[in-house]
Protein chains: 2
Amino acid sequence: MRDGTKEDKAASKPRGRPRAYEPGIALRRAGDAFWKAGYSGTSLDDITAATGMNRPSLRAAFGDKHTIYLKALADYWDLQFTAMRKALAGDLRLKDSLVRVYDASLSIYFSGDGPARGCFVVGTAITEAVEDPEIQRIIIDGFHTLDADFEARLRVARDAGELKKDADIAALALLCTATMHTIAMRARAGASRKDLRKLAKKAVGVICG
Amino acid sequence: MRDGTKEDKAASKPRGRPRAYEPGIALRRAGDAFWKAGYSGTSLDDITAATGMNRPSLRAAFGDKHTIYLKALADYWDLQFTAMRKALAGDLRLKDSLVRVYDASLSIYFSGDGPARGCFVVGTAITEAVEDPEIQRIIIDGFHTLDADFEARLRVARDAGELKKDADIAALALLCTATMHTIAMRARAGASRKDLRKLAKKAVGVICG
DNA sequence: TTGATTTTGTACCGGTTCGGATAATATTCT
DNA sequence: AGAATATTATCCGAACCGGTACAAAATCAA
């Protein structure tokens, strides 16, 4: 009585012809395509080539081009925040903690086969923001989350005596985000990973006083 | 003998049918079109609509789409650096000088009729950088000029005793550029001018110690 | 006035875009 | 085996893309 009721998790197979793709992987591949050339610069043909899916399957699975992009964008924010929070966790000194965040980001910015693509948001979403309020909102919310995560970490540091009692936590958090932004752009503009790591360390040096 | 030799500045008119447009203004309008939707997101039809020029005239005047874009990009850097250097000139205190730079940038980011478009480079060039080495180089050179201009101003401030003798000028300059970058992106993402001005002041507060 | 010169306006070309219509295929259920 | 279901594969079409050919228009020189 307990099994085969259809809601058996990974058990019971779906009814018709099985999928020839893995939705999660396919979406990431689609994201890779956007990441390289931006939203307008990526055609559905590019995406079919990247995913191996044909057009109708693509549409059935993820919707039209705009919807595919939004899903890829949400996916990226997940990746970014997961990496960031993992880097911020643990009881390192503030300075090391921040450097670890930037290192984690650099790993993302320099991921993939070709040349560095920087941040997905910076490289693809920012451009569309002016004419797409939905994307605009997703970006601004993400930036605020970035600010908030940095600020929370800085507050811990201040309470632990690593920062001066009267340090302007909010201001420092903005500079942390700003540093992330400048790294993201310079990465896409061709700066070397080594140089960007040095940049991060210098910025952290100032921020931590 | 001195006049009418054809090189008489604005004197002697050209030979054939006169232009129906002003090259400088037309190029700026073309830039406006790119500024709104990015390089790939802007069609030649968009540009003809923005400039009032028809397609063959456009090509004769500025070349193909890619060349038009490069001209518009160079034009924008000129605008940006002119505004920045004007803001940095004069003998204000460092803090006021920097705030003035960000105010000048905000004037650019919030220019135009529609919603804020942020920085032209951030909103249009960054996306293309991955697959266009020429654009990539123009961006990185521009960023370095930004860094250098800030650094020069900071050095003056240090020599004038506004900063500590052992202040890391290069690191502070990077944070100045980073602040510019984060403002540019947030502007395009829909942040209000008032909020961005407050952000700038907070950042300047930290940078100036 | 006539001819030379330059720009403009229209219309078109071949290729690409996105989305969908239709038929073939692979699997499960009965 | 046969019906039901879900995905895949091929193809189509209307719109758009960047670029160009060609003739009409506007000016200057003689």
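Residues numbered from 1 in each chain as written. Chains lettered and ligands numbered in written order. Predicted model: local features only at pLDDT ≥ 70, side-chain atom pairs only at ≥ 80, totals over all residues.

Visitor: Outline the interface of chain B and chain A, listing residues and values.
Guide: Counting residues at the interface gives 41 residues for chain B and 41 residues for chain A. Ranked by residue count, the leading element in the side of chain B that touches chain A is helix 8 (residues 169-188) of chain B, at 13 residues. In terms of residue class, the side of chain B that touches chain A is built from 21 nonpolar, 13 polar and 7 charged. (Contact = placed C-beta atoms within 7 Å. Helix = DSSP H or I, 4+ residues; strand = E, 2+ residues; numbered from the N terminus. Nonpolar A, V, L, I, M, F, W, Y, C, P; charged D, E, K, R; others polar.)

Visitor: How would you summarise the protein's contact with DNA strand C if you had to cite specific residues and measurements?
Guide: Arg17 and Ser43 of chain A together with Gly16, Arg17 and Ser57 of chain B are the nearest of the 26 residues found near DNA strand C. Contributing elements (two or more residues each) for the surface near DNA strand C: helix 2 (44-51) and helix 3 (55-62) of chain A together with helix 3 (55-62) of chain B. Examining the composition of the surface near DNA strand C, we find that 4 residues originate from one element, helix 3 of chain B, more than from any other. (Near = placed C-beta within 6 Å.)

Visitor: Give a description of the protein's contact with DNA strand D that names residues and reports values.
Guide: Around DNA strand D, the surrounding shell holds 25 residues, and the nearest of these are Gly16 and Ser57 of chain A together with Arg17, Ser43 and Asp64 of chain B. Counting only elements with at least two residues in the surface near DNA strand D, the list comes to helix 3 of chain A together with helix 2 (44-51) and helix 3 of chain B. Among the elements that line the surface near DNA strand D, the one with the most residues is helix 3 of chain A, at 4 residues. The residue inventory of the surface near DNA strand D, partitioned by class, reads 8 nonpolar, 5 polar and 12 charged.

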